[in-house]
Amino acid sequence: MGRTALGIAGVVGVAVGLWALAPERAEACGGFFCNGGGTGPTPVVQAAERVIFEQRADGTVRAYVQIRYDQQGGPPVGFSWIIPVLAVPEVGIAEAATFDQLDAATAPQFRFIQNAAPVASGGGGGGCGMAASDSAARGGESGGTMDVDGVMVWESARVGDYETATLEGDTPEQLLEWLDLNGYDIPAEAADIVGEYVDEGHLFVAFKYAPIGPGSGTLDPIVLTYRGEKPCVPIRITAVASTPVLDVMVLAFGPGRAAPEGAYLLTEPAYDAVRPDFTMATQTTYGTEVMRAIDAAGGRAFVTEFAGASDQLGAMTDREAQALVSRNPYVTRFYTRLTPEAMTVDPEFVFPGGDDVARLHVIDISAPSARAASAASELRWALGPALLGLAGASLAWRRRRRR
């Protein structure tokens, strides 16, 4: 039946990738900021985020993170950001190609047809839970150029074009003082959120863009490896510098299907209501339908865009993408659109298993969607008495005319 439907004239195919939703490129995670040109550090508006998690059998999590920010002209020297963690991670640089290839291989696809029966589509329905190591396991010597009482620097290093430091503080004020003294531009607006993470026992990985030479004009994605059982996105600190709607894509590699846990629900957009719209970056109204579903779920929810065996993704030319696919039997792709008001809880993920979710959606645009039909029915119901009244008035008028 699927092949017959797709052979009908009027078929339009569109693949939707998250990266088409955001205007400008940068890579990071957590809160990130830059020098405000003499007025002090200011938040840099974050537009989208792509995260790849790998839950490893040895009890560690590997997280690859790439962020887009809404600023023209490339990253300024001194551009800084901080990531809350619960254990000292191994810090490295990732490749944009890893994200691009895995994004393209898992992104939802839409085929719009006319005069054919619709095909059912698949879809799924507290703080970061990393396992913290004890102080002895953290180890490390203070690497800060200027010390502050109450702040311990566990590790510091140059990684690519970045200067990095993993540190913890007794109070947020001490932590922010250390960052300021050592050239990390973190604005005062971040103090309350930093304080929440400090109270919960988090450490922070601080990054500062400090290229040797002219730099590449872009920020490399990063990769963190840490001991933990629940991959987590520290979204609370992102709210300090978010656009009104932040697009987040998460790929979770592991033993089986993943799911958000806690405050974040699974939801599903009205796929039959998605329509082609070539005036939009994604060329469909998919993002609008996702936003409707998330709002209906209370503002905190993920759409499962794909869930299946990793070998379904096809051949990868990027080495790290190849390694992720070969090491892990299963991958789950999530997508959400969050407002800053909803970013008060960090989403974390578990691997309970479950059914596969296909990424291809075949939509008959010649038939009204269920949502449109429901809206039309509600409108007819609401207007029924008024229409009957108009009909009665018209009949009485015609009778008078006959007399």
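Every value quoted in this text rests on a predicted model; they were computed, and no experiment measured them. (Residues numbered from 1 in each chain as written. Predicted model: local features only at pLDDT ≥ 70, side-chain atom pairs only at ≥ 80, totals over all residues. Heavy atoms only, no water.)

**Details of the overall build of the protein chain**
Moving on, step 1. Secondary structure summary: the protein chain contains nine helices and 19 strands in total.
Moving on, step 2. Going through the 403 residues of the protein chain one by one, you find that 50% of them count as buried.
Moving on, step 3. Just so you have it, the protein chain exposes about 17,600 Å², and 53% of that area is on carbon and sulfur atoms. (Helix = DSSP H or I, 4+ residues; strand = E, 2+ residues; numbered from the N terminus. Buried < 20%, exposed > 50% of the residue type's maximum accessible area, 1.4 Å probe, protein only. Areas by Shrake-Rupley, 256 points an atom, 1.4 Å probe, with all protein chains shown as cover.)

**What about the environment of Gly314?**
Moving on, step 1. Within the secondary structure layout, Gly314 lies in the loop between β16 (301-309) and α8 (319-327).
Moving on, step 2. In this structure, the C-alpha to C-alpha distance between Gly314 and Val325, residues eleven residues apart in sequence, is 9.3 Å.

**A look at a negative patch on the surface**
Moving on, step 1. A grouping of Asp147, Asp149, Glu177 and Asp180 is seen on the molecular surface, where their side chains present a negatively charged patch.
Moving on, step 2. Along the chain, Asp149 turns up in the loop between α3 (135-138) and β9 (151-159). (Patch = residues over 30% accessible without salt bridge, like charges linked within 9 Å, V, L, I, M, F, W, Y side chains within 5 Å. Salt bridge = Lys/Arg side-chain N within 4 Å of Asp/Glu carboxyl O. Lys, Arg positive; Asp, Glu negative; His and termini not counted. Charge placed at Lys NZ, Arg CZ, Asp CG, Glu CD.)

**So, the pairing of strand β12 (residues 222-227)**
Moving on, step 1. Extensive coverage of β12 is indicated by the burial of five of its six residues.
Moving on, step 2. Sheet topology note: the strand β7 (residues 90-93)/β12 ladder contains four bridges and is antiparallel. The partner of Ile93 across the bridge, within β12, is Ile222. (Pairing = 2+ DSSP bridges.)

**Some points on the pattern of salt bridges**
Moving on, step 1. Here the structure, examined in full by the defined rule, presents 17 salt bridges.
Moving on, step 2. The salt bridge partner of Arg50 is Asp103, with a shortest N-O separation of 2.8 Å. Here Arg50 is found in strand β4 (residues 46-55), whereas its partner Asp103 is found in helix α2 (residues 96-106), with 53 residues between them in sequence. With respect to class, Arg50 is no different from Asp103; both count as buried.
Moving on, step 3. Two residues, Arg333 and Asp103, come together in a salt bridge whose shortest N-O distance is 2.8 Å.

**Quick word on the confidence of the model for the protein chain**
Moving on, step 1. Of all residues in the protein chain, 67% have pLDDT values of 70 or greater, and the mean over the chain is 76.
Moving on, step 2. When the elements of the protein chain are averaged for pLDDT, helix α1 (residues 2-6) gives the smallest value, 25, and β16 the largest, 98.
Moving on, step 3. This stretch, residues 129-144, has a pLDDT under 50; its non-local contacts, to residues over four places away or in other chains, come to 39 contacts.
Moving on, step 4. Segment residues 393-399 is flagged for pLDDT under 50; beyond a separation of four residues in sequence, or across chains, it makes zero contacts in the model. (pLDDT = per-residue confidence, 0-100. Contact = heavy atoms within 4.5 Å.)

**Section: the packing of helix α4 (residues 172-181) against helix α5 (residues 191-199)**
Axis angle and axis distance: for two packed helices, these are the angle between their axes and the distance between the axes, and together they describe the pair.
Moving on, step 1. Two elements in contact, α4 and α5, have axes whose closest approach is 9 Å; the angle formed by their N-to-C orientations is 115°. The two elements α4 and α5 cross, and the hand of that crossing is right-handed. Only Ala191, Val194, Gly195 and Val198 of α5 make contact with α4, whose side of the interface consists of Pro172, Leu175 and Leu176.
Moving on, step 2. When the residues that make up the contact of α4 with α5 are grouped by side-chain class, the tally is six nonpolar, one polar and no charged. (Axes fitted to C-alpha atoms, helices over the stretch in contact; angles between N-to-C directions. Left-handed = near helix turned anticlockwise from the far one by under 90°. Nonpolar A, V, L, I, M, F, W, Y, C, P; charged D, E, K, R; others polar.)

**A look at the nonpolar core**
Moving on, step 1. Ranked by size, the top nonpolar core spans 35 residues in total, and within it Phe53, Trp81, Phe207, Ile235 and Val250 carry the most contacts.
Moving on, step 2. When residues of this core are traced back to their parent elements, those giving at least two are β4, β5 (60-69), β6 (80-85), β11 (203-209), β12, β13 (242-254) and β17 (330-338).
Moving on, step 3. Setting aside residues up to four positions removed in sequence, Phe53 forms contacts with Val61, Arg62, Ala63, Tyr226, Pro231, Cys232, Val233, Val250, Leu251, Ala252, Phe253 and Phe349. (Core = buried A, V, L, I, M, F, W, Y, C linked by side-chain atoms within 4.5 Å.)

**Digging into the side chain of Arg50**
Moving on, step 1. In this structure Arg50 comes out as buried when scored by relative accessible area, which is 1%.
Moving on, step 2. For Arg50, the side chain forms a polar contact with the side chain of Gln66, separated by 2.5 Å.
Moving on, step 3. Within the structure, the side chain of Arg50 is placed 2.8 Å from the side chain of Asp103, a separation counted as a polar contact. (Polar contact = N/O pair within 3.5 Å; in protein donor to acceptor, adjacent residues only side chain to side chain.)

**Comments concerning the environment of Arg359**
Moving on, step 1. By secondary structure assignment, the location of Arg359 is in the loop between β18 (348-350) and β19 (360-364).
Moving on, step 2. Exposure remark for Arg359: the relative accessible area of 19% places this residue in the buried category.
Moving on, step 3. Polar contacts involving the side chain of Arg359 include one to the main-chain carbonyl oxygen of Ala107, which spans 2.7 Å.

**Topic: the packing of aromatic side chains**
Moving on, step 1. All told, the structure shown has 16 aromatic pairs when counted by the stated rule.
Moving on, step 2. A ring pair is formed by Phe302 and Phe349, whose centres lie 5.3 Å apart and whose planes are at 70°; its orientation type is edge-to-face. Here Phe302 is found in strand β16, whereas its partner Phe349 is found in strand β18, with 47 residues between them in sequence. A single burial state applies to Phe302 and to Phe349, both of which are buried.
Moving on, step 3. Positioned over the ring face of Tyr184 is Lys208, at 4.7 Å from the centre of the ring. (Phe/Tyr/Trp six-rings, centres within 6.5 Å; stacked < 30°, edge-to-face > 60°. Lys NZ or Arg CZ within 6 Å of the ring centre and 35° of its normal.)

**Some remarks on α8**
Moving on, step 1. Among the residues making up α8, those that are buried are Ala321, Ala323, Leu324 and Val325.
Moving on, step 2. Looking at where α8 begins, the residue whose side-chain oxygen comes 3.2 Å from the main-chain nitrogen of Glu320 is Asp318.

**Considering the side chain of Asp247**
Moving on, step 1. Position of Asp247 among the secondary structure elements: in strand β13.
Moving on, step 2. Within the structure, Asp247 has its side chain in polar contact with the side chain of Tyr335 (distance 2.6 Å).
Moving on, step 3. Here the side chain of Asp247 touches Arg337 through a polar contact of 2.7 Å, side chain to side chain.

**A short note on the environment of Leu338**
Moving on, step 1. With respect to the helices and strands, Leu338 occurs in strand β17.
Moving on, step 2. Between the alpha carbons of Leu338 and Ser242 there is a distance of 9.3 Å; along the sequence they are 96 residues apart.
Moving on, step 3. Contact partners of Leu338, with chain neighbours within four places excluded, come to Ile235, Pro244, Val245, Leu246, Tyr264, Gly299 and Met343.

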